[in-house]
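Below are the chains, spelled out letter by letter.
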Amino acid sequence: MRLILAPMEGVMDHNMRDLLTGINSFDLCITEFVRVTDTLLPNRVFYRACPELLQGGKTANGTLVRLQLLGSHPEFMARNALRAVQLGSPGIDINFGCPSKTVNKNRGGAILLREPDLLYAIVRAVRAVLPPDVPVTAKIRLGYEDKSLFLENARAIEQAGAAELAVHARTKAEGYRPPAHWEYIGKIRENLRIPVIANGEIWNHRDARRCCEISGCSDLMIGRPSLVTPNITTMIRYAVNPMQWHNVLQLIHQLSDLDRITDKWQYLPARIKQWLNYLRRAYPQAQNLFERIRILRQTEPVLAILESDLAAITIPR
Ligand SMILES: Cc1cc2nc3c(=O)[nH]c(=O)nc-3n(C[C@H](O)[C@H](O)[C@H](O)COP(=O)(O)O)c2cc1C
């Protein structure tokens, strides 16, 4: 089974990737999306989205990181894809799933699922400019308003030369509302020859097994669950419980250390609150910590609370 760490804009940056790949066994990460319009982006945009480019396109522990592009202009998607690969990205993933209003208004993300021909043109153009051994992959939802084009879209992407396809099993209109419709992923997998990666609502070992059974996939992509229970790949692979709260606290502290040495330091309070917001689905202690730091805006007092919580914990032997 391959497990892939999902792209999550505004959350899953390179420090979070370092942290999560450090304690898990992910096979691949996809970056947050880089938005392409009608220009060739400066190199710094690619380095910002994917600092791993400077270390062979891998996280600190050696997990491959593939850069994701979002846009609708085939020629500029291709030119930017080539630049990203020249800078060291070991592949290109194309985002056809983003539900954001602003992004969709500018003809990016899920709105393109209404135009299979355009999906084809974009993937084809990107495929055509990259060396044959560099994979071009794509991520879709099941549709925009409805699911009527789900198979046509998937086929268009395969025919254009994509090496694999990740499917978030909901339409744009369905947002993030459960359930994820894994049975549609199964229909796509039956009709395609390239590997299909199942995504959406895989929170634990049981979900993973059910998703594999229903979709027939052996490759899974995991987004929010990796933030809710950070040892997610061990949970999925070995049916273990979520890690203990004191280990989670240590991870949050490690994130603050990583952020300290990058330009993320001032955003740390917001970032910790954002993470606690996910963690409280699994840990009542996260809710408690969230309430104690909720009104704090500065990094130092937030860290002081975190450190005193850590100091108060007697780590079981
Ligand atoms: C805050 C947030 C940001 C996301 N950003 C991206 C993104 O940049 N690119 C992308 O393809 N999907 C993005 N997604 C979708 C996730 O990759 C994933 O498909 C979705 O969360 C469902 O999977 P999950 O149930 O494992 O979280 C984002 C989702 C969330 C919640």
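Residues numbered from 1 in each chain as written. Predicted model: local features only at pLDDT ≥ 70, side-chain atom pairs only at ≥ 80, totals over all residues.

Participant: Summarise the overall build of the protein; cite the residues concerned and give the values.
Facilitator: Across its full length, the protein holds 14 helices and eight strands. Relative to the 2.2 N^0.38 estimate, which gives 20 Å for 317 residues, the radius of gyration of the protein is 20 Å and therefore close to what a compact globule would have. With respect to the principal axes defined by its C-alpha atoms, the protein has extents near 60 × 45 × 35 Å. The burial tally for the protein puts 48% of its 317 residues in the buried class. Intrachain contacts of the protein at a sequence separation of at least 6 include 68% that bridge at least 24 residues. (Helix = DSSP H or I, 4+ residues; strand = E, 2+ residues; numbered from the N terminus. Rg over C-alpha atoms; globule rule 2.2 N^0.38 Å. Buried ≥ 20, exposed ≤ 12 C-beta atoms within 10 Å, placed from the backbone. Contact = placed C-beta atoms within 7 Å.)

Participant: Residues and numbers for the domain arrangement of the protein, please.
Facilitator: Each assigned domain of the protein is listed with its residue range as follows: domain 1 (2-238) and domain 2 (245-312). Of note, the centres of domain 1 and domain 2, computed from C-alpha atoms alone, are 28 Å apart. The interface is formed by ten residues belonging to domain 1 together with 14 residues belonging to domain 2. Of all the elements in the fold, those that place two or more residues in the side of domain 1 that touches domain 2 are α1 (14-23) and α9 (225-228). With four residues, α1 is the largest single contributor of residues to the side of domain 1 that touches domain 2. Looking at the side of domain 1 that touches domain 2 residue by residue, the class counts come to six nonpolar, two polar and two charged. (Domains from an automatic or database assignment. Nonpolar A, V, L, I, M, F, W, Y, C, P; charged D, E, K, R; others polar.)

Participant: Help me get a handle on the pairing of strand β1 (residues 2-5), residues and values and all.
Facilitator: Taken together, the four bridges between β1 and strand β8 (residues 219-222) define a ladder with parallel strand orientation. Bridge pairing in β8 links Ile4 to Met221. Pairing analysis gives two bridges linking β1 to strand β2 (residues 28-35), with the strands arranged parallel. Residue pairing in the sheet places Ile4 in a bridge with Leu28 of β2. (Pairing = 2+ DSSP bridges.)

Participant: An account of the site of the ligand is requested, with residue identities and associated values reported.
Facilitator: Taken together, 22 residues are adjacent to the ligand, and Ala6, Pro7, Glu9, Gly223 and Arg224 come closest. Grouping the amino acids of the shell around the ligand by side-chain chemistry returns nine nonpolar, eight polar and five charged. (Near = placed C-beta within 6 Å.)

Participant: Talk me through helix α5 (residues 116-129); I want residue IDs and the actual numbers.
Facilitator: Counted at 1.5 Å a residue, the expected span for α5 with its 14 residues is 20 Å, and the 21 Å between its end C-alpha atoms agrees. Inspection of α5 places Leu119, Tyr120, Ile122, Val123 and Val126 among the buried residues, and these make up the whole buried set. Here the buried residues of α5 occupy an arc of 170° about the axis, which is enough to place them on one side. As for α5, its buried residues are in contact with α3 (74-86), β4 (92-96), β5 (136-143) and α6 (150-159). (Expected span 1.5 Å × (residues − 1). Arc of directions from axis to C-beta.)

Participant: Quick one: what's the story with the pairing of β2, residue by residue and with numbers?
Facilitator: By the criterion of burial, β2 is predominantly enclosed, with eight of the eight residues buried. Regarding topology, helix α2 (residues 43-49) serves as the crossover connection from β2 to the parallel strand β3 (residues 64-70), and that connection is right-handed. (Right-handed = clockwise from strand over helix to strand, strands pointing away.)

Participant: Account for the environment of Trp245, naming residues and giving values.
Facilitator: Tracing the backbone shows Trp245 in helix α11 (residues 245-260). A count of 18 C-beta atoms within 10 Å places Trp245 in the partly exposed class. It is 8.4 Å that separates the C-alpha atoms of Trp245 and Ala286, two residues lying 41 residues apart in sequence. Excluding its chain neighbours within four sequence positions, the residues that come into contact with Trp245 are Tyr283 and Gln285.

Participant: Go over helix α14 (residues 299-312), please, and point to the residues and values.
Facilitator: The first and last C-alpha atoms of α14 sit 20 Å apart over 14 residues, in line with the 20 Å expected at 1.5 Å per residue. Taken together, the buried positions of α14 are Thr299, Val302 and Leu306. The buried residues of α14 occupy an angular sector of 75° when the element is viewed end-on, so they sit on one face. What points out from α14, more than 90 degrees from its buried face, is the exposed set Glu300, Ser308, Ala311 and Ala312. Tucked into the core, α14 has its buried residues touching α11, α12 (268-279) and α13 (284-293).

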